[in-house]
Amino acid sequence: MNVLQSISTRRFLGILILLCTITTWKGNAQDFTDLIIPESPLILRAQGSFYSGGEVQSQSFDELGSFGPGQSISVNQMYVRYMIPQTVEGVYPIVMIHGMALTGKTWETTPDGRMGWDEYFVRQGYPVYVVDQVARGRSGFNQRLLNRVRTGIDAPQQLAPARRFSDEFVWRNFRIGMEKDQPFDITLYPVDYLDEFSKQGVPDLSGYISDYGPNYSALSELASNLEGAILMSHSQSGFFPMEVALLNQNNVTGIIAVEPGACATSLNEEQLRILAQMSTLIVFGDYLEVPTGIDHSWKVACEQCETYASQVNGVGGNVKVIKLAESGIKGNSHMLMQDTNHIELADSIIQWVKDNIKK
């Protein structure tokens, strides 16, 4: 091999290595070896799952999929998975509610293999109940309308959209970077594992229920069965705890809204006084001013929640809105529970609960 060939070979190898490096940076799937196993065991009194809410509905042969005779089925139920620590002393359970096009997986092991908030809160002594919203995940969905369109009973226009987020859309809307593979200078989301986060997405079939009422009813029933619970919401479910509190003020003992998509600002005085009875924490991450690319603004959502806090506090409530960036914590995304500082954020939330919610 002459010198020219040697140089060309080295250049080719150098370019190949660079390309491999760039390709690797663009995203990894979670490998089994990425899972971080804690040194200390998780000690539970119980774990399991059940359903909350739901109703019985009669459906025809065609509505059931033309497989068996038309009879009764259950619909609009909510799947609940729980863990109860060995020792529970003077605390209320925490119910974790996910956002749009996601499931309870949001709160579990992070895309890069770190312990999720569900386990961490249990290790800190809190019973944790993680739900899948009605028409999402293991809660299942009502197939009736799909089959009515399939068999020509209803027009296709009757179908609600089944929504998903594209991987590219997530970068800006979840405030990780302005474009795919271009993270902000400071970002605390594990960007190398966004391919793994993409796997958490599911078709959002909430349009197959007339409104969010079945979610509110199921969560209210759950809070009653627990004889009091702290409701922790995220994103699209951000206002769920407030709605449930208006239905069941005696059993919603506290509210934690993580990056809520909106807050109500036109409540009447009676509603405000009900919501003033439970302490509420609302937390937002960084880059709220970034355009989302859709008809929604995180900056506006935060401003709505600040107005909500002012209104509820004006009748004696205790609502606190924290903007992490203004508190000196830079780089948090929309997915606070998966960011690399998620344990520090969880500790801050737990301290707030200890200071504000007494059993």
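Residues numbered from 1 in each chain as written. Predicted model: local features only at pLDDT ≥ 70, side-chain atom pairs only at ≥ 80, totals over all residues. Heavy atoms only, no water.

**A closer look at empty space enclosed by the protein**
- Under the criterion given, the structure shown has two cavities of 30 Å³ or more.
- Here the largest cavity defines a volume of roughly 180 Å³.
- In terms of lining residues, the largest cavity is bounded by 16 residues, among which Phe 165, Asp 167, Val 170, Phe 197 and Ser 198 are the most central.
- Elements represented by at least two residues in the lining of the largest cavity include exactly α4 (167-173) and α5 (194-198).
- Looking at which element gives the most residues to the lining of the largest cavity, the answer is α5, with four residues.
- Of the residues assigned to the lining of the largest cavity, the class counts are eight nonpolar, two polar and six charged. (1 Å grid on protein atoms, 1.4 Å probe; cavity = no way out; pocket = protein on both sides within 12 Å on 5 of 7 lines; lining within 4 Å. Points joined across faces, edges and corners; volume = space filled by probe spheres on them. Helix = DSSP H or I, 4+ residues; strand = E, 2+ residues; numbered from the N terminus. Nonpolar A, V, L, I, M, F, W, Y, C, P; charged D, E, K, R; others polar.)

**Comments concerning the pattern of salt bridges**
- Within the structure shown, the criterion is met by 16 salt bridges.
- For Arg 172, the salt bridge is made with Glu 179, and the minimal N-O distance between the two is 3.1 Å.
- Take Arg 172: its relative accessible area is 24%, and that puts it in the partly exposed class.
- Among the residues examined, Glu 179 registers a relative accessible area of 41% and is labelled partly exposed.
- Arg 273 serves as the salt-bridge partner of Glu 269, at 2.8 Å between the closest nitrogen and oxygen. (Salt bridge = Lys/Arg side-chain N within 4 Å of Asp/Glu carboxyl O. Buried < 20%, exposed > 50% of the residue type's maximum accessible area, 1.4 Å probe, protein only.)

**Regarding the packing of aromatic side chains**
- Taken as a whole and judged by the stated rule, the model has 17 aromatic pairs.
- Each ring, one from Phe 50 and one from Tyr 82, has its centre 5.9 Å from the other, and the planes form 45 degrees; the classification is tilted. Here Phe 50 is found in strand β1 (residues 44-58), whereas its partner Tyr 82 is found in strand β2 (residues 72-85), with 32 residues between them in sequence.
- Judged by relative accessible area, which is 28%, Phe 50 ranks as partly exposed.
- Note on Tyr 82: relative accessible area 18%, which makes it buried.
- With 4.0 Å between their ring centres and 25 degrees between their planes, Phe 184 and Tyr 287 make a pair best called stacked. In this pair, Phe 184 is assigned in the loop between β6 (182-183) and α5 and Tyr 287 in the loop between β9 (280-284) and α9 (298-313), connecting sequence segments 103 residues apart. (Phe/Tyr/Trp six-rings, centres within 6.5 Å; stacked < 30°, edge-to-face > 60°.)

**Remarks on the pairing of β2**
- Counting buried positions along β2 yields 11 of 14 residues, so the element is predominantly enclosed.
- By the bridge criterion, 13 bridges tie β1 to β2 in an arrangement that is antiparallel. Bridge pairing in β2 links Leu 44 to Pro 85.
- Relative to strand β4 (residues 128-132), β2 runs antiparallel, the two sharing five bridges. (Pairing = 2+ DSSP bridges.)

**Structural notes on the sheet that holds strand β8 (residues 252-260)**
- Reading across the sheet, the eight strands line up as β1-β2-β4-β3-β7-β8-β9-β10 and stay open at both edges, with mixed pairing between neighbours. Across the chains shown, the open sheet's two edge strands, defined by having one partner strand only, are β1 and β10 (319-323). Between one strand axis and the next, the sheet turns through 20 degrees on average, direction left out of account.
- Contacting β1, β2, β3 (94-96), β4 and β7 (229-235), helix α6 (residues 213-225) runs over the sheet at an angle of about 140 degrees to β1.
- Helix-sheet contacts for helix α7 (residues 240-247) involve β7, β8 and β9, and the interaxial angle to β8 is about 155 degrees. (Axes fitted to C-alpha atoms, helices over the stretch in contact; angles between N-to-C directions. Contact = heavy atoms within 4.5 Å.)

**Structural notes on the state of the cysteines**
- By the definition in use, this model includes one disulfide.
- Residue Cys 263 pairs covalently with Cys 305 via a disulfide, S to S 2.1 Å. The sign of the 85 degrees torsion about the S-S bond sets the Cys 263-Cys 305 disulfide as right-handed. Within this pair, whereas Cys 263 is found in the loop between β8 and α8 (269-275), its partner Cys 305 is found in helix α9, the two being separated by 42 residues in sequence. Grouping residues by exposure puts Cys 263 and Cys 305 together as buried. (Disulfide = S-S within 2.5 Å.)

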